[in-house]
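One-letter residues, chain by chain:
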Amino acid sequence: MTYITYQFKKILTPFQVDGFLANIVLLVPRIIAGFLLAFKYAPIKFGTPWSPKSTNLGLFEVADWFVLKVTEFGAPFNLMPELFSWSAGFTEAFGGILLLLGLNTRITAFFITCVMAISIYFREWDDTWSILPTFLFFCIGLFYLGFGSGKYGLDYWYTNRKF
């Protein structure tokens, strides 16, 4: 096994948690967060095969309102708002699927945490609770950044198989 493969496997290896109930506690929030990111929040701003027809988004296309919102964040986001909004939408859609499956959980959680931290910091706060989902995804990202997928994820299967 090469050094790079060893380090990659080390990053993917989930925190060792014994017990059925403890692993279920790791599984349920990961599945819910991954599902919500990939199938509820991402499709309205990023073109996926499951995006509603009412959004009029092609595959991997970003909604105009989302690009404008990213432009309002200021520098450096207003320099290339299409790129930043595309990467945020892609992270939510594809990262949500990876989180749902428990594949590359720590790496995915890092990117989700970064996107949510940027959204929390630069987003305009109002008197509603609209920032709450962003903050919850930020916290969930931090949690899985530390723990990994748990026993019921593809990371566990990948890191425990024999080469």
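Residues numbered from 1 in each chain as written. Predicted model: local features only at pLDDT ≥ 70, side-chain atom pairs only at ≥ 80, totals over all residues. Heavy atoms only, no water.

It is worth spelling out the packing of aromatic side chains at this point. Aromatic ring pairs are described here by two measures, namely the spacing of the ring centres and the angle between the planes. Per the stated rule, a full pass over the model turns up 21 aromatic pairs. Here phenylalanine 46 and phenylalanine 90 contribute two aromatic rings whose centre-to-centre distance is 6.2 Å and whose plane-to-plane angle is 75 degrees, an arrangement assigned as edge-to-face. One end of the pair, phenylalanine 46, is in the loop between α2 (20–41) and α3 (64–71); the other, phenylalanine 90, is in helix α4 (residues 81–101), with 44 residues separating them in the sequence. For phenylalanine 90, a relative accessible area of 28% corresponds to the partly exposed category. With a centroid separation of 4.9 Å and an interplanar angle of 90 degrees, the aromatic rings of tyrosine 121 and phenylalanine 122 are classed as edge-to-face. Of the residues examined, tyrosine 121 reaches a relative accessible area of 65% and is grouped as exposed. (Phe/Tyr/Trp six-rings, centres within 6.5 Å; stacked < 30°, edge-to-face > 60°. Helix = DSSP H or I, 4+ residues; strand = E, 2+ residues; numbered from the N terminus. Buried < 20%, exposed > 50% of the residue type's maximum accessible area, 1.4 Å probe, protein only.)

Our next topic: a nonpolar patch on the surface. On the surface, Phe20, Leu21, Val25 and Tyr152 cluster together into a nonpolar patch covering about 450 Å² of accessible area. For phenylalanine 20, the location among the structural elements is in helix α2. (Patch = residues over 30% accessible without salt bridge, like charges linked within 9 Å, V, L, I, M, F, W, Y side chains within 5 Å. Areas by Shrake-Rupley, 256 points an atom, 1.4 Å probe, with all protein chains shown as cover. Salt bridge = Lys/Arg side-chain N within 4 Å of Asp/Glu carboxyl O.)

Before going further, it helps to examine the confidence of the model for the protein chain. When pLDDT is averaged across the protein chain, the result is 92; 98% of the residues are at 70 or more. No element of the protein chain has a lower mean pLDDT than helix α1 (residues 3–12), which averages 84, and none a higher one than α4, which averages 96. (pLDDT = per-residue confidence, 0-100.)

A separate point is the nonpolar core. Within the largest apolar cluster, 21 residues are counted, with the highest numbers of intra-cluster contacts made by Leu37, Val62, Phe66, Ile112, Met116 and Phe137. Within the residue set of this core, elements represented by two or more residues are α2, α3, α4, α5 (105–122) and α6 (132–147). Top element by residues in this core is α5. It accounts for 4 residues. Contact partners of methionine 116, with chain neighbours within four places excluded, come to Leu37, Glu92, Thr134, Phe137 and Phe138. (Core = buried A, V, L, I, M, F, W, Y, C linked by side-chain atoms within 4.5 Å. Contact = heavy atoms within 4.5 Å.)

Throughout the structure, instances matching the rule amount to 1 salt bridge. Residues lysine 45 and glutamate 92 are paired through a salt bridge, measuring 3.1 Å at the closest nitrogen-oxygen approach. A residue pair is termed long-range when its members are at least 10 positions apart, and lysine 45 in the loop between α2 and α3 and glutamate 92 in helix α4 qualify at 47 residues. According to the relative accessible area criterion, lysine 45 is buried, its value standing at 12%. Overall, the relative accessible area of 7% leaves glutamate 92 in the buried class.

What follows deals with unusual backbone geometry. Across the chain, the bulk of peptide bonds are trans and the bulk of non-glycine residues have phi less than zero. In this structure, proline 76 follows alanine 75 across a cis peptide bond, with omega equal to 0 degrees. If you trace the backbone, proline 76 turns up in the loop between α3 and α4. A positive phi is found at asparagine 56, a non-glycine position, where the angle reads about 55 degrees. In this structure asparagine 56 comes out as exposed when scored by relative accessible area, which is 64%. The backbone of phenylalanine 60 sits at a positive phi, close to 65 degrees, despite the residue not being glycine. You can see phenylalanine 60 is positioned in the loop between α2 and α3.

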